[in-house]
Structure formats: C-alpha cells, structure tokens
Amino acid sequence: MGTEPSRPDPEQLLRRVQAEEQRGRRGKLRLFLGFAAGVGKTYAMLEAAKEQLAQARDVVVAYVETHGRKETDAVLAGLPIIPRAQVTYRGVTLEEMDLDAVLARRPEIAVVDEMAHTNAPGSRHTRRFHDVEELLAAGIDVYSTLNIQHVESLNDVVAQITGIVIRETVPDRILEEAEQIELVDISPDELIQRLQEGKVYVPEQAVRAIRKFFRPGNLTALREISLRYLAGRVDEQMRRYMEVHGIPGPWAAGEKVLVAIGPGPLGERLVRAGRRLVSSLGAEWIALFVETPEFRRLPQVEQERVTKALHLAEELGGRTEVITGTSPPQEIVRYAQANNVTKIVAGVSLRPWSERLRRGSLVDWILRHSENIDVYAISGPAGPKTLSVPSAPAQGAPLRAYLSSVGVVALVNLAGQLVHGHLELTNLTMMYLLGVVIVALEWGRGPAILAAALSVATFDFLFVPPRFTMAVSDTEYVITFAGLLVVGLVISALASRVREQVRAARQREASTAALYALTRDFAAASTLDEVLAAIARHVGTAFDRMVAIFIAKDGRPEVAYRGPEFPLTENESAVAAWVMQHGEPAGRGTETLPAARGRYVPLKTAQGIRGVLGVVPQAGGTALGPDQEQLLQAFASQAALALERVQTATATQRRELSRETEKLQTAVLNSISHDLRTPLASVSGALSSLLDGDVHHDDATQRALLETAKDGADRLTHLVTNLLDMTRVEAGALSLRKEPGDIEDLVGAALAQLGSRAREREIEFGLPPDLPSVPMDFALMTQALTNVLDNALKYSPLARPIRIEARTAGGEVHVSVADRGPGISDEDLTRIFDKFHRAEHPPDESGLGLGLTISKGIIEAHGGRIWAANRPDGGAVVTFALQYVLGEPGEIRERLDEPAGTAPADR
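Owing to the predicted nature of the structure, the values given are computational and were not obtained by experimental measurement.

For the packing of aromatic side chains, give the residues involved together with the corresponding values.
Under the defined criterion, the tally for this structure stands at four aromatic pairs. Ring centres of Phe 550 and Tyr 600 lie 6.3 Å apart, and the angle between their planes is 55°; on these two criteria the pair is classed as tilted. Separated by 50 residues along the polypeptide, Phe 550 in strand E13 (residues 545–553) and Tyr 600 in strand E16 (residues 599–605) bring together distant segments of the chain. For the pair Phe 550 and Tyr 600, a shared accessibility class is recorded, and that class is buried. A centroid spacing of 6.5 Å and a plane angle of 80° characterise the contact between Phe 566 and Tyr 600, whose relative ring orientation is edge-to-face. Pair noted here: Phe 566 is in the loop between strand E14 (556–562) and helix H21 (570–582) and Tyr 600 is in strand E16, with a separation of 34 residues, a long-range link. Comparing Phe 566 with Tyr 600 shows no difference in burial state: the two are buried.

This is how it looks when you write it as structure tokens:
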C-alpha cells in the first residue's frame, strides 16, 4: 500500500491549471541558448523558423543580426523580413526592431535575435526582452537567442570566471516562462577554431576576443554553467510533473528565502545570490530592506542603490518588502521568524576588525539569534557597509548645529559661574549633562558629542582646582571627568536615536495619515469628479508631483483630470496608452519608455484596469524612494478601488434607470393599448353607424350616437391631457399665477368640469361659509381637485354619496373628498400617488393611473401637501392642504405681488 501514488494537492493543481490557462492566452517563447557568441544560436534559430515556414505557418524576421557570416546570410534568405525602425540619437542613426510594425502584422511566429540587447535611447523599452514580452502578451510566438552570461542571476558568477562584468542581462523569469529552451552546443576547441577562421569576428577582433574572453578555461566553465542551468530546468519540470500527479518525492517542502538588502554596494550581488539559491531550491523568496531613521540622511546615491536592488529583485521574480526599525538585524530576524523563513542571505563587508568591533556585524548578530534559520553570508569589497548594528552612521550636521552646541555649553558655563560657591562641584555636572541632552535632542549626535567633550574640558578649566588650568589636584576628579564624558556620550547617542525615531515615526505617521485621508475622502465621494479631485489633491500633496488621471474608455485612456502644469504631450499620452493596454508601470524610473517626463502607474483591480495615474515631479524634485514608491502603489490601489466603486455604482444606476424606463414604457403601452382602445372603438363605431348609408337613423338615435362619440372623444382628451400634464410636472415646467381664490368656487369649477358624471351622482358638502381665501393658480388647482373627485367617482358605488368637506387647521385649509367605496389596501396606500399605479378595482374603469400623481405635483408646487387614508366606517378619503392668507382679496393680491422679504413700511 505504500507504493500507491499519493493524491495531488488540490491547491497546487488549481494554481497549475490557472497558470496553464494564462500561458495558453500568451505566445510561446522558444529560446536558443548558448554558452558564448559564435556557437551557432542564430543559425539554429533561423533553420527552425524555416521549418515552421515550410509547414505553412506565418513566420517573419523581426530582427536578426548576422554579423556578416555567410552561412547565416544564406539561411536567412527566403524568410519574410520586417524593415527595421530608424532611431536617431545624438546625430547617429541606429536600427532597432520595429515593435509596432510587428504587432500590426501579427504573425504567428516572430524571430527576434539577441534578447539581451539594450535598445537605443528613444525606443519604447530600454531592453529588447521587454519587446519580446509585449509580443508574447499579444499572442505572438517568439524565437530568440541568448548567451548564458546574460542571465541575470549568473552575472556575478560569470564576472568572477571571466573577469568581465556583463551589463546586458535578462531576468531569470523570462527563461522560466520559455516554452522550450534548446542548448546550442559545440566544444570550446571548435569555437576557438571558428574564431581563428574569422567565422565569428573579423580577424583583429577575434585575436582580442581569444586573448581576453574566449580562453579555453573560460569557455569550459561557461559551457558547464549552461549545461547545469538547463539540467536544473529539466529537474524543475520533473518536480512540477510530480506535484501535479501527486508522486511522492524526497524534496523538502516549504522553503522560503529572505535576502537582506542594505544601502551599500552589495545589494544587487545579494539579490543575484539569493536568486541562484532559490533556483536550486524551487522556493519562494523575499527581498527585505529595513529602513532605519538615518536612511533618509544618507546620500542620494545610497538611497538609489536600495531602490535599484529592490527593482532587480522584482525583475527576478522575488517579492519585496520595506519595513522600518532602528536595528536591521533585529528586524530581519523578527520578520524571518514571523514569516516562516528558512534561509537568510546577508552580506558581510571586509572591513577592518576594529570597525566591525565598533559597529557590530550583521551576520554575527543574525547567526546568534536566528536559531533554526540557515544563514548564507555573501562577502563583498571593503568600504561602504551593507547593514550594521544598529544602523547607518549619521551624516555630519551643518556648521550651525555645531556652533549652537558650543553656545549651549557657554550658557551652561555662565550659569555655573553664577551658582559657583553655592553648590558642590559634582552637582554642576548635572547642568552639563542637561546641556548635552538638549543639544542631542535638538541637533543630533555629532553636535552632542562635541558638547560632551567641551563640557568636560570647560568644567575642568573653570571650576576644578586649581582653576583656569587643565591640571587636576584631586585624582577623584578624573573619575568625575570620565563619568561625565561617558554619560554625556551615552545620553547623546540615546537622545539622538530618540530624535531620529521621532522623525521616522512622524514620517510614517504622515504616510499613514495621508493614506487614511485619501480613503476617508474616497468613502465620502459619490461621483466620479469627487473621486478624481481626491486622487489629484492627495497624490499631489503627498509626493509633490503634478498629476494627471486617465480613465479607460473603449480600451483607450481618456484624460479625466489634468493638473494645470502637467506636460501632457503626445509622447506622454502614448506612454499612458501603453500602461492602459499592458497594466504595467512605465515612464520615468522604469525600464519601459524611461525617456518620458512622468511616471505612469496602472489603476488596476481584480476586475481589470480602471485607469492610469501619471505623476511628474516639480522643478528640482527628486526621485521616489522605496517607501514612497510603495506608498504611491498603495495610493494607486485605493484610487483604483474608488474608481471601480463609482463606475460600478454608475453602471448599476444606469441599469436601474433602464429597467425603470422599460417598466414605464411597458406601463404606458399597456395603459394606452387598454385605455385608449375603448374610447376609440366607441367613437369609431358611432361614426361608422352614422356614415352607413344603408341604415336610416331617426333623430333620437343619431343624437345618441353623436353623444357616444363625443363622450369617447372627451375621454381621449382627458387621457392625453393627463399625459401632457405629467410631463410638465416631472419637468418642473409648471408656471403658477397665484391669485386669492375661494374654496367654494374651486369646488364648483371642478364639478362643472366633470359634467354629467358629477350631476348623476349624489354629492354631500361640508363647506363652512367663513373659509379664508387661498392663494392659488385657480386653473391648475381646479384640475387637481377634478382628478381627486374623478378618482372618488370611479371607486365609489353609484348608490353611495361622495362627500366634499373643507376646514381650517394650523394656518392651512384642508379639503377632503371622501367616498363609500371598498377603501385602499395597505400596499396601495404607499403607492397611490405613484405614476401609472392603479388599484385592482373596479375592473370596468379605465385610466392611466396619472390623475392623483398630477394632483400631487400641482399641490406640492403650491407649497401644499396631499395624503390618503381609509374611513373608519368604510371607504377612502383623499385630503390636500394649502396655506391661506387672512385679509380682503385686494390686500392679499398686494402681498402676493410684492418681492420676498419686503418690509411693510416699504410698501
């Protein structure tokens, strides 16, 4: 039972399937790898391309350099070639691959020679392997060539073997993503013979190459590295197969490597060493930098080294972390233990033992405290340190700070002269220590050390007998001097450290506060303009940058916000378009389109790219540090989420509006089809009967038919009028002409409009004779009351009366219309004034369900209100209220005509 294969890990299997799906959408890279120039990589690549061309595949040569070799020129013949782009740099015309032409041509296979080549300034990408990545992302297969010495993680090893530092390198992840790697191999002796025959370089160059680089020992070592590298790739493929199929193996799981990076020159070498270690282990790895309080005071070149090393780690496939602390080794060990790190790669400098004793050794401290974690020490040249205990030494303070420290000591001496003779001499030392603390807190370590030394010297000279000499009569004072100096130095170091910690804490607090303020404003923003304004304001303030924001529209960036001084040229817009398309940062400080003035970051979420954030430094601005780059990425992530939220809300609102519109259209069509068909049918039928010449109608019949037609026409007119009035109400186009009106007149006019429908029904009145006049637009209010009465007539039985009442209450006139119908259900009570809402009863009545909606709009335009309720003894009552004004009609009219806020004395 022990020989049965174990079940595959579902998580690993899922990750593998997802990776394969993603690879399926990309083009495939076939790489021809050699250990040196001249082994025949280009020739083998062109032969493979010709084989594919013979199989009717679409193959083009995007860029091939034959170096004048006749056999290579011969095999190149017959392959379609895309003309090269001409790039002018400093008056010299250079030829590069025309990336846009290849993308426009979209072949199945593009042949791209010399992947490690550095493109001419002005090209889209600084390196050709970035061009290859863009072709692969577009779904185009690529054939390319590479020498082993151009692999980034092997750069240091090759330099050690050959004595030559290779500047053009390719990240290891490019080789890991290759679908197929073919090793083009010949013996070193055969390669040297090819050199001597002039098949690689011209004779003069060949002689120099054999003497410097193409020595047998170098070539043998490079060949071994190539073979080992390819064997490692085969082993990795085997392990992947075993993982997918659940085959048990002897490898150890869960390895995690941490590379400790410092501001010294050893950072990039540590990253490469860590990458080589990871390649052999197949482990996850992290590049960690501990930012100490003194880091910001280091020279710009030291800070840029850290940024460059972190970027290199990202290119090689590692994860980067920047944390803050005062002691790098402590923070490294704490991070390693908290994140299950199994191996630490750290640098040790070849400094003198005295300097290491004074500052401490990073590797020694980690070895003593890392317990079960393996530590790999990478040596480097003597000189500037990588990381030390506890942190980098501070730079010298300005002259003013040292002069200030001298001034503080002078003030202490003056104070000592005033109290001399009243205090013991040993008590005066406290005053000097206080001065040292003040200097350390205010101006830092260097001035504090000077203050401590001056305090000892002046205390001896001014106060210790014999006074005004440096001699000491009592040897006990020597101990006092030593104590004062040591305590002063310790206090100065501690106070200076506290000062730096406070400064670092303030910087972290400022970053956290900036991010919090950004998220707070995003939470309050409800529109796209508010989100854009918040992004521009916070990014511009936090990074001292000019800002532009592009929003994705039809797959292209559209300028949604642009700062007043942002240099939005055609080239800058092209960079933003590239970032929008590929979802990777570009521009200043990156490997893609670095000639741009701005840095462009994609606003990307799990749902896609929402936009692009562009930042350009102000005049004299410096490059972003590691922590600032991380903060900018955090800003971009939050901005992308805010944009996604607003855009999603807008899209949801549009969908809801579309659904409501469809619902409204359906209601209108249903109402029109049902409510207009009946009157149209009656009108058409009556007129058809009258026009029928074969049938003779007497006068009474003709009159009845005409009345039927007129009644149908009136109903059509009423329905159409309601539709038009509803449009006016919703558009806010009601124009009121208020005049003092009488409620009794209003009721009479409404009943007159109802005509026979009102005359044929029993109506009860409860209208007091002393009702005040109400300011109103009489015609509109007549229509409003008519609609309320019409609704009551529809829903009340013919034998039951309708009651109209009016009364005053709280400065308002309340007019009620009550019926004895079935009442209003609880659901209808909340919707009775909605558009196109009609109760289920009575089924024989027609209407669009707009009457009460129009009444509500007219009454609210008058500043009134309307509501509905059920009567306790059965039926429903609809009531509306309007404010009244006391006085005679003429006096009321004067009040209505005068401007708002006019005082009575002004009339």
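Quick rundown of the nonpolar core? Include the residues and the values.
Core analysis: the largest hydrophobic core is formed by 58 residues, its most contacted members being Val 111, Met 115, Leu 135, Leu 146 and Ile 148. In terms of nonpolar packing, the next biggest core, distinct from the first, is built from 38 residues, Leu 751, Leu 789, Phe 833 and Leu 882 among them.

So what's going on with the sheet that holds strand E23 (residues 865–870)? Which residues, and what values?
Read from one edge to the other, the open sheet built from five strands follows the order E19-E21-E22-E24-E23, with strand pairing classed as mixed. Of all the strands in the sheet, just strand E19 (763–766) and E23 have a single pairing partner and so form its edges. Averaged over neighbouring strand pairs, the angle between their axes works out to 15° when direction is ignored. Sheet analysis places strand E22 (residues 812–818) next to strand E24 (residues 876–883), joined by seven bridges and oriented antiparallel. The residue of E24 that forms the bridge with Ser 816 is Thr 879.

Please provide a residue-by-residue account of the packing of helix H24 (residues 743–754) against helix H26 (residues 778–795), values included.
Their axes nearest at 8 Å, the elements H24 and H26 cross at an angle of 60°. What the angle tells us is that H24 and H26 run oblique. Considering only the axes of H24 and H26, their crossing is right-handed. Judged by residue contacts, Asp 745, Leu 746, Val 747, Ala 749, Ala 750, Leu 751, Gln 753 and Leu 754 of H24 engage Phe 778, Met 781, Thr 782, Leu 785, Thr 786, Leu 789, Asp 790 and Leu 793 from H26. Here the residues of the contact of H24 with H26 sort into eleven nonpolar, three polar and two charged.

Could you give an account of the sheet that holds strand E2 (residues 59–63), with specific residues and numbers?
Sheet architecture is open: five strands sit in the order E2-E5-E6-E1-E7, paired in parallel fashion. Looking at which strands have only one partner, the edges of the open sheet turn out to be E2 and strand E7 (180–183). Each strand axis lies, on average, 20° off the axis of its neighbour in the sheet, ignoring direction. Both strand E1 (residues 29–34) and E7 contribute to a ladder of four bridges, which runs parallel. Considered in E7, the bridge of Arg 30 is made with Gln 180. This element, helix H2 (residues 41–54), spans E1, E2, strand E5 (109–112) and strand E6 (141–147) of the sheet and lies at about 165° to E6.

Any details on the pattern of salt bridges? Residues and values, ideally.
One pass over the structure, following the stated rule, counts 33 salt bridges. A salt bridge links Arg 319 to Glu 284; the shortest N-O distance between them is 3.4 Å. Of this pair, Arg 319 sits in strand E10 (residues 319–324) while Glu 284 sits in strand E9 (residues 284–291), and the two are 35 residues apart along the sequence. Classification of Glu 284 by relative accessible area gives partly exposed; the value is 39%. A single network of salt bridges, built from pairs that share partners, joins Glu 152, Glu 268, Arg 272 and Lys 308.

Residues and numbers for the side chain of Thr 605, please.
Relative to the helices and strands, Thr 605 resides in strand E16. A polar contact of 2.8 Å, which involves the side chain of Thr 605, links it to the side chain of Glu 644. Excluding anything up to four places from it in sequence, Thr 605 contacts Arg 610, Ala 640, Leu 641 and Glu 644.

Break down a nonpolar patch on the surface for me, citing the residues and quoting the values.
Taken together, the side chains of Leu 441, Val 498 and Val 502 present a nonpolar region at the surface, about 220 Å² in accessible area. Mapped onto the elements of the fold, Leu 441 is located in helix H17 (residues 425–443). Taking relative accessible area as the criterion, Leu 441 reaches 44% and is therefore assigned partly exposed.

So, the pairing of strand E21 (residues 802–809): which residues are in play, and what are the values?
Relative to E21, E19 runs parallel, the two being bridged by four bridges. By the bridge assignment, Gly 766 is partnered in E21 with Glu 805. As judged from the seven bridges shared by E21 and E22, these two strands associate in the antiparallel manner. Note on E22: the bridge partner recorded for Ile 804 is Val 817.

I'd like a description of the pairing of E2, backed by residues and values.
In terms of burial, E2 is a largely internal element, five of the five residues being buried. Strand direction decides the pairing type here: E2 and E5, joined by four bridges, are parallel. By the bridge assignment for E5, Tyr 63 is matched with Val 112.

Procedures and definitions
- Here the residue numbering is sequential within each chain, running from 1 through the sequence in written order.
- In view of the model being predicted, local features appear only for residues whose pLDDT reaches at least 70, and side-chain atom pairs are presented and counted only at 80 or more, with totals across whole chains, interfaces and linings using the full set of residues.
- Only hydrogens and water are removed before side-chain values are computed, so all heavy atoms of the structure are retained for them.
- When two rings of Phe, Tyr or Trp (its six-membered ring) have centres within 6.5 Å they constitute a pair, described as stacked for plane angles under 30 degrees, edge-to-face for angles over 60, and tilted for the intermediate range.
- Helix numbers and strand numbers start at the N terminus; a helix is a DSSP run of H or I with at least 4 residues, a strand a run of E with at least 2.
- The buried label goes to any residue with under 20% of its type's maximum accessible area, the exposed label to any with over 50%, and the partly exposed label to all in between, with areas taken from a 1.4 Å probe on protein chains only.
- As used in this record, nonpolar core signifies buried Ala, Val, Leu, Ile, Met, Phe, Trp, Tyr and Cys residues forming a set joined through side-chain atoms within 4.5 Å.
- When DSSP finds two or more bridges between two strands, those strands count as paired.
- To get an axis, a line is fitted to the C-alpha atoms, and for a helix only the part in contact is used. The angle between two axes follows their N-to-C directions and goes from 0 to 180 degrees.
- If an angle is under 35 degrees, it is roughly parallel; if it is over 145, roughly antiparallel; if it lies from 65 to 115, roughly perpendicular; otherwise it is oblique.
- Note on convention: near helix rotated counterclockwise from far helix by under a right angle means a left-handed crossing. Clockwise means right-handed.
- Working rule for contacts: check all heavy atoms of both residues, and any pair within 4.5 Å makes them a contact.
- All residues other than Ala, Val, Leu, Ile, Met, Phe, Trp, Tyr, Cys, Pro, Asp, Glu, Lys and Arg, Gly among them, are scored as polar; the first ten of these are nonpolar and the last four charged.
- A carboxyl oxygen of Asp or Glu within 4 Å of a side-chain nitrogen of Lys or Arg is what we treat as a salt bridge.
- What qualifies as a polar contact is a pair of N or O atoms within 3.5 Å, subject to a donor-acceptor requirement within protein and to the restriction that residues adjacent in sequence count only when both atoms come from side chains.
- For patch detection, residues must exceed 30% relative accessible area and be free of salt bridges, and they are connected within 9 Å for like charges or within 5 Å for nonpolar side chains (Val, Leu, Ile, Met, Phe, Trp, Tyr).
- The protein chains shown are the only cover counted for residues, whose accessible areas, like all others here, come from Shrake-Rupley with a 1.4 Å probe.

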